[in-house]
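Chain by chain, the residues run as shown.
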Amino acid sequence: MALLQISEPGQSPDPHQRRIAVGIDLGTTHSLVAAMRNGVAECLPDAEGRVILPSAVRYLEGGGRQIGFDALPAQSTDPQNTIVSVKRFMGRGLNDLKDVSRLPYRFVGEPGQGMVSLQTVAGVKSPVEISAEILATLRYRAEDSFNDDLYGAVITVPAYFDDAQRQATKDAAQLAGIKLLRLINEPTAAAIAYGLDNASEGIYAVYDLGGGTFDISILRLTRGVFEVIATGGDSALGGDDYDQALVAWVLAQTGVQAADAHDLARLRVAARACKEALTDAETVDFVADLSTGPLRHPVRRGDFHAATEALTARTLSAVRKALRDAQLERDEVQGVVMVGGSTRMPQVQQAVHDYFGKAPLNNLNPDEVVALGAAIQANQLAGNDQTGDLLLLDVIPLSLGLETMGGLVERIVPRNQTIPTAMAQDFTTYQDGQTALALHVVQGERDLVADCRSLARFELRGIPPMAAGAARIRVTFTVDADGLLQVAAREMISGVEAAIEVKPSYGLSDDQIARMLQDSFSTAQQDMQARALAEARLEADRMVLATRSALKADGDLLSDAERATLDSLIEAALAAKSLEDAKSIEAATEALAKGTEAFAASRMNRGIQQALAGRQVDSL
Amino acid sequence: MNLQSNDFELFGVPERFAQDRAALDQRWKDLQREAHPDRFAAQGGAAQRVAMQWSVRINEAYQRLKDPLRRAAYLCELRGAPIEAENNTAMPAAFLMQQMEWREALDDAGSVAALNGLDAEVRAARAQAIEACRRLLDDEQQFAAAAQQVRALMFIARFERDIESRLDQLGQ
């Protein structure tokens, strides 16, 4: 990795230097990377001019791997080492996967024991590592396109992804060496691309049927503000299910059975081809070369529609629920934006048309629109677009709560709450002298813990012994702008901040990520150190640049002494960069960050005052 | 004005029950435009932490201000008449009678039409209670009486949720 250009001491690098920021759509079937070029968002092509990267990774004997189009042909010949649709396994345990028997992979992991892994010729791989291979491929593509290092990326996730799935995506970005600027929801990204393109105002619905996930979001668009009012969906429903339904129908019609993993993979590939052909043709032959002999069976469009009717109905029931959450009627929706390759299916188009009573909007490529929207947001987050007035106000898709006595859920953050948000609830002890409390964090809408998704278990220790019910333990849930949850707990009467131990139910621990990072470097130690050093220097540069631009804008808020302190911290950070020790550089950067805290607070105060003053003048 | 300012001060609106919803919506967006963490994504950790605090605080105030029940409860508390619903369960007899009638009607309602009819009745009662809150808080400064109305509103809100889940069961 090349370093940022280092200027002479005292001479600041050009603050308007363009940063390479991209949007990445990490999809179930395929992934894309997009960036702003000459003021327009566009998807970046590979060397062969293809913008789509199939989300397929094949592990080879001897440590090699094939990614994307190179891996696809091996789906039928080497299915156990060729992983497709890995997104379905992100943040998921073995008992979450309904169709394990129909998948050709060798899953590792006990039911109820954390995220699944897959056994390949290259060893056991976590879905996070497999996704990181795809992300790294897109990162290299972007860096080759611009012949420059990547500053950061916005990565999209289905709106209905829960906390474990979001965290897994964030971990994958870290493994791929990508600075994550923000996780944003796929329908929201699509709305940005669509809304900015069409200068739309009013209520819009985004119907996003991808390869493995379904999302519905209801948004209000007003002058650059994208406010999500409600969101819903099904994180395990997508085009793959239509393929499976078609396979099941053909097998039932013909009485043929799949003999092994290779047959299963061939049937999936055949179903996908048949489904896609049915978009344009009335009748298509389903053709697969199975181990028991060739299979050929004609499929009419009507057969396919009937076989998948229940799936389409499931999407519409999620649409109804989201509209009710938004307290809107279907005729108040001005337009329905179609996103995701699966919305090309005629029966889906028709069902949405019938439900809303108006033709859905298809004028942007449904495969690209998510990546394009993410690129627009990435460009603004990186600070390239100083005039940009795009504002995203997104929501949390699923309620968050804690397990209480009797296996019941106490809801702390309700779904469709605008993020970032922080909410607290007080709990107490139920036994005299109780000094510890086990907390179980869950996500979902049901009243019973067993019906919700387990996110993490906490143990709160060091509560001073008191009578039962006397302790007041305040548990605070904070959901950040990425939609990720942090939980803090404190005993209020003694003021004792008790120790917390987090055990993510379906996530990776910091140790596991560190080990994976290490594994991903063949000559381990030295590369690790070189990378840590480069990243520490980059971070120091970022911090110095940010502080200088803040000083330029609002330096008048500081006294001479405060100003001198900050200047010397900047000098110290710049000086530390010439050291060969990442830890020392990080310490200097951290000192600068800490030193700017009060300044950041007064800058924010000024901004807020100006916002209010501006309005009051406006409304006169 | 700072993070400790009350919701009304933070939004720069008069400290009273009657509010213009459109103005609140607009003010919320103006404030988030300044404070949202997205505006500080390219800056240091300190700026991002401050942005997070403010953005959370603005969302919290907006949730409270835009919801009549929560806004009324908040004003009662500011005026020294806290709601303390768990310690104040005594309600007027007439109100309790009506609650019981509604419960019976909900148990008996077997159709969507019957539920919708009940829903309309409860909504009307809700609108009345909200108007009573406004009068007691803004015109008459009867804060203890307003707190009593807020507790009535809490009953009504809970009942509305029960109607909704019955509608859910009937597949609407």
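What you are looking at is a predicted structure, and each value in this text was computed from that prediction instead of being measured.

A. Seen up close, the nonpolar core. Counting 185 residues, the largest nonpolar core has Val22(A), Ala34(A), Ala153(A) and Ala375(A) as its most contacted members. Considering every element that reaches this core, the biggest residue donor is helix H3 (residues 45–66) of chain B, with 10 residues. Listed in part, the 18 residues of the second largest apolar core include Tyr74(B), Ala147(B), Leu153(B) and Ile156(B).

B. Seen up close, the interface of chain A and chain B. Taken together, the contact pairs 32 residues of chain A with 28 residues of chain B. Broken down by secondary-structure element, the contributors of at least two residues to the side of chain A that touches chain B are strand S12 (180–185), strand S19 (391–393), strand S22 (421–427), helix H11 (524–554) and helix H14 (597–618) of chain A. At 12 residues, H14(A) tops the list of elements feeding residues into the side of chain A that touches chain B. Here the side of chain A that touches chain B is composed, by residue class, of 19 nonpolar, nine polar and four charged.

C. Molecular detail of the sheet that holds strand S7 (residues 82–84) of chain A. All names here are of chain A. Ordered in space as S6-S5-S7, the three strands form an open sheet in which the pairing is antiparallel. The open sheet has two edge strands with one neighbour each: strand S6 (65–67) and S7. When the angles between neighbouring strand axes are averaged without regard to direction, this sheet yields 15°. With three bridges joining them, strand S5 (residues 56–59) and S7 adopt antiparallel strand pairing.

D. Expanded view of the environment of Phe427(A). All names here are of chain A. Of note, Phe427 is situated in strand S22. On a C-alpha basis, the gap between Phe427 and Arg344 in space is 50 Å, while along the polypeptide they are 83 residues apart. Leave out the neighbours within four places in its chain, and Phe427 touches Ile473 and Val475.

E. Local environment of the sheet that holds strand S25 (residues 473–479) of chain A. Residue and element names in this part refer to chain A. Read across the sheet, three strands follow the order S22-S25-S26 without closing on themselves; strand pairing throughout is antiparallel. Either end of the sheet is taken by a strand with one partner, and the two such strands are S22 and strand S26 (485–491). For this sheet the average axis-to-axis angle between neighbouring strands, irrespective of direction, equals 20°. Two strands pair when backbone bridges link them, and S22 and S25 are joined in this way by seven bridges, in the antiparallel orientation. Pairing of Ala422 across the sheet is with Thr478, part of S25.

F. Structural view of unusual backbone geometry. Omega for the peptide link from Ile419(A) to Pro420(A) comes to 0°, which places this bond in the cis form. Its location among the elements puts Pro420(A) in the loop between strand S21 (408–413) and S22. Backbone geometry at Ser85(A) places phi at a positive 55°, although glycine is not the residue there. By the secondary structure assignment, Ser85(A) is in the loop between S7 and strand S8 (107–108). With a phi close to 50°, Gln141(B) is a non-glycine residue in the positive phi region. Topologically, Gln141(B) is positioned in the loop between helix H6 (112–139) and helix H7 (143–169). C-beta crowding within 10 Å serves as the criterion here: with 10 such atoms nearby, Gln141(B) is assigned to the exposed category.

Procedures and definitions
Every chain's residues receive numbers from 1 upward, in the order its sequence appears when written. Ligands are numbered from 1 and chains lettered from A, in the order in which they are written. With pLDDT at 70 or above as the cut-off, local features in this predicted model cover only qualifying residues; side-chain atom pairs require 80 or more to be listed or tallied, and sums for whole chains, interfaces and linings still use all residues. Each nonpolar core reported here comprises buried Ala, Val, Leu, Ile, Met, Phe, Trp, Tyr and Cys residues connected via C-beta atoms within 7 Å. Put simply, a residue is buried when 20 or more other C-beta atoms lie within 10 Å of its own C-beta and exposed when 12 or fewer do; between those, it is partly exposed, and each C-beta is set from the backbone. To qualify as a helix, a DSSP run of H or I must reach at least 4 residues; to qualify as a strand, a run of E must reach at least 2; elements of each kind are numbered from the N terminus. Residue pairs are scored as contacts if the distance between their C-beta atoms, which are placed from the backbone, is within 7 Å. Polarity classes work like this: nonpolar for Ala, Val, Leu, Ile, Met, Phe, Trp, Tyr, Cys and Pro, charged for Asp, Glu, Lys and Arg, and polar for all others, with Gly in that last group. Pairing between strands is defined by DSSP: at least two bridges between them are needed. Working convention: axes come from line fits to C-alpha atoms, limited for helices to the stretch in contact. Angles between N-to-C directions cover 0 to 180 degrees.

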